[in-house]
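# Examining the three-dimensional arrangement
Listed here are the chains, written in short residue letters.
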Amino acid sequence: MPVVWSALRLLMAAAIAAAVVAQFMKSVATAAELGRDVTTTIVNFFSFFTILSNTAAALVLAWAAVRWFARRARGAEATEPPALGVALACVSTYMIVTGIVYNTLLRGIPLPQGSEPIPWSNEILHLVGPIFLLLDVLVGPGRRRLAWNRILIVIAVPLAWALYTLVRGPLTVNPVTGDPWWYPYPFLDPHLQPWGYGGVALYIAAIAIVIALVAWFVVGVGRQRATRSGSDQVPSRSAARGR
């Protein structure tokens, strides 16, 4: 099973990378064809949480798979190192949340990415990838027991992204509509909310709660699996305090 799943991790990483690259190329080509600001289009593309989470997931899945096969070939312990354990917890949480948010709030709503989504790419980024990362939490090989305080690291990244988005939004001209603002998702755009930034704050608070709950689930499952497999370890003394 570990061999098969590690191979699937590599395949999923390749599929996600192909989906990101395909949508990126289409967005840039459309911007160039229509005379839009290509630089802004590129920065906007990588300002979508979906793109960031999928790109990170592809890198971490490839890292986990290559490391597992390399360690196995040497007959060494296959349990992931602390950094990889935290990275897997992060990307698993972000991808699961991406799947939840997109399929409950955003499916069927046009997003300002500069071009129409490529159907197969869109499904990999918003459905197939998130489902795979959920399954990886449940059956992926080598999962390590993380301290509970690692949840703070998982939560910190999307909160930093939300702050970046709110600061950059009013400073960016939308290359598609010409509006003097740009936000990647409707729920982050104060111009589309009845209560302006108050409505945005409510959405951010709700999504932060979802992220915290998913992170708790991901870390909790990892701890249980590590205990059952006999790899019940915490990476450091400081991490042990978060037990």
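Computed from a predicted model, the values in this text were never measured in an experiment.

## Considerations on the packing of aromatic side chains
Under the criterion given, the structure shown has 12 aromatic pairs. Grouping aromatic residues by their ring pairs yields a cluster made of Phe-48, Phe-49, Tyr-94, Trp-161, Trp-182, Tyr-185, Phe-187 and Tyr-203.

## A short note on the packing of helix α1 (residues 2–33) against helix α2 (residues 38–45)
In contact at an axis separation of 9 Å, α1 and α2 are set at 155 degrees when each is read in the N-to-C sense. Compared by their axis directions, α1 and α2 come out roughly antiparallel. For the element pair α1 and α2, the recorded crossing hand is right-handed. Residues Val-20, Gln-23, Phe-24, Ser-27, Val-28, Ala-31 and Ala-32 of α1 form the contact with α2, whose participating residues are Val-38, Thr-41, Ile-42 and Phe-45.

## Some remarks on the confidence of the model for the chain
In the predicted model, the chain carries a mean pLDDT of 89, and 89% of its residues have values of at least 70. In the model, residues 233–243 has pLDDT below 50 throughout and makes 26 contacts with residues more than four positions away in sequence or in other chains.

## What to know about the pattern of salt bridges
Within the structure shown, the criterion is met by two salt bridges. Between Asp-136 and Arg-9 there is a salt bridge, with its nearest N and O atoms 2.7 Å apart. Here Asp-136 is found in helix α5 (residues 119–139), whereas its partner Arg-9 is found in helix α1, with 127 residues between them in sequence.

## Some remarks on the nonpolar core
Ile-16, Leu-61, Tyr-185 and Phe-187 are the most contacted members of the largest nonpolar core, which has 52 residues in total. Of all the secondary-structure elements, those providing two or more residues to this core are α1, α3 (49–73), α4 (82–106), α5, α6 (150–168) and α7 (197–229). For this core, the element with the most residues is α4, which contributes 14 residues. Excluding residues that lie within four positions of it along the chain, Ile-16 makes contacts with Asn-54, Ala-57, Ala-58, Leu-61, Met-95, Ile-124, Leu-125 and Gly-129.

## A word on the environment of Phe-46
Position of Phe-46 among the secondary structure elements: in the loop between α2 and α3. Taking relative accessible area as the criterion, Phe-46 reaches 36% and is therefore assigned partly exposed. Through-space distance from the C-alpha of Phe-46 to that of Pro-184 is 9.7 Å; in sequence the pair is 138 residues apart. Beyond its immediate stretch of four places on either side in the chain, Phe-46 contacts Phe-24, Ile-51 and Leu-52.

## Brief notes about α5
In a regular helix each residue adds 1.5 Å, so 21 residues correspond to 30 Å; α5 covers 28 Å between its end C-alpha atoms and thus fits that length. Along α5, the largest kink reaches about 40 degrees and is centred on Leu-125.

## As for the packing of α4 against α5
Across the interface, α4 lies against α5 with an axial gap of 8 Å and an inter-helix angle of 130 degrees. The pairing of α4 with α5 is recorded here as oblique in orientation. For α4 against α5, the interelement crossing comes out left-handed. Residues Leu-88, Val-91, Ser-92, Met-95, Ile-96, Thr-98, Gly-99, Tyr-102 and Asn-103 of α4 pack against Asn-122, Leu-125, His-126, Leu-127, Gly-129, Pro-130, Leu-133, Leu-134, Asp-136 and Val-137 of α5. Classifying every residue of the contact of α4 with α5 by side-chain character gives 11 nonpolar, seven polar and one charged.

## What to know about the side chain of His-126
One can find His-126 in helix α5. On the basis of relative accessibility, which here comes to 6%, the residue His-126 falls in the buried class. For His-126, the side chain forms a polar contact with the main-chain oxygen of Asn-122, separated by 2.9 Å. When neighbours within four sequence positions are excluded, His-126 is seen to be in contact with Thr-50, Thr-98, Gly-99, Tyr-102 and Asn-103.

## Description of the environment of Val-221
Summarising the element assignment, Val-221 is placed in helix α7. Residue class for Val-221 comes out buried when judged on its relative accessible area of 14%. Separated by 77 residues in sequence, Val-221 and Arg-144 place their C-alpha atoms 10.0 Å apart. Val-221 has contacts with Val-137 and Leu-138, leaving out every residue within four places of it along the chain.

Reading guide: rules and limits
Residues numbered from 1 in each chain as written. Predicted model: local features only at pLDDT ≥ 70, side-chain atom pairs only at ≥ 80, totals over all residues. Heavy atoms only, no water. Phe/Tyr/Trp six-rings, centres within 6.5 Å; stacked < 30°, edge-to-face > 60°. Axes fitted to C-alpha atoms, helices over the stretch in contact; angles between N-to-C directions. Helix = DSSP H or I, 4+ residues; strand = E, 2+ residues; numbered from the N terminus. Parallel < 35°, antiparallel > 145°, perpendicular 65-115°, else oblique. Left-handed = near helix turned anticlockwise from the far one by under 90°. Contact = heavy atoms within 4.5 Å. pLDDT = per-residue confidence, 0-100. Salt bridge = Lys/Arg side-chain N within 4 Å of Asp/Glu carboxyl O. Core = buried A, V, L, I, M, F, W, Y, C linked by side-chain atoms within 4.5 Å. Buried < 20%, exposed > 50% of the residue type's maximum accessible area, 1.4 Å probe, protein only. Expected span 1.5 Å × (residues − 1). Bend = angle between axes of the 7 residues up to and from the residue. Nonpolar A, V, L, I, M, F, W, Y, C, P; charged D, E, K, R; others polar. Polar contact = N/O pair within 3.5 Å; in protein donor to acceptor, adjacent residues only side chain to side chain.

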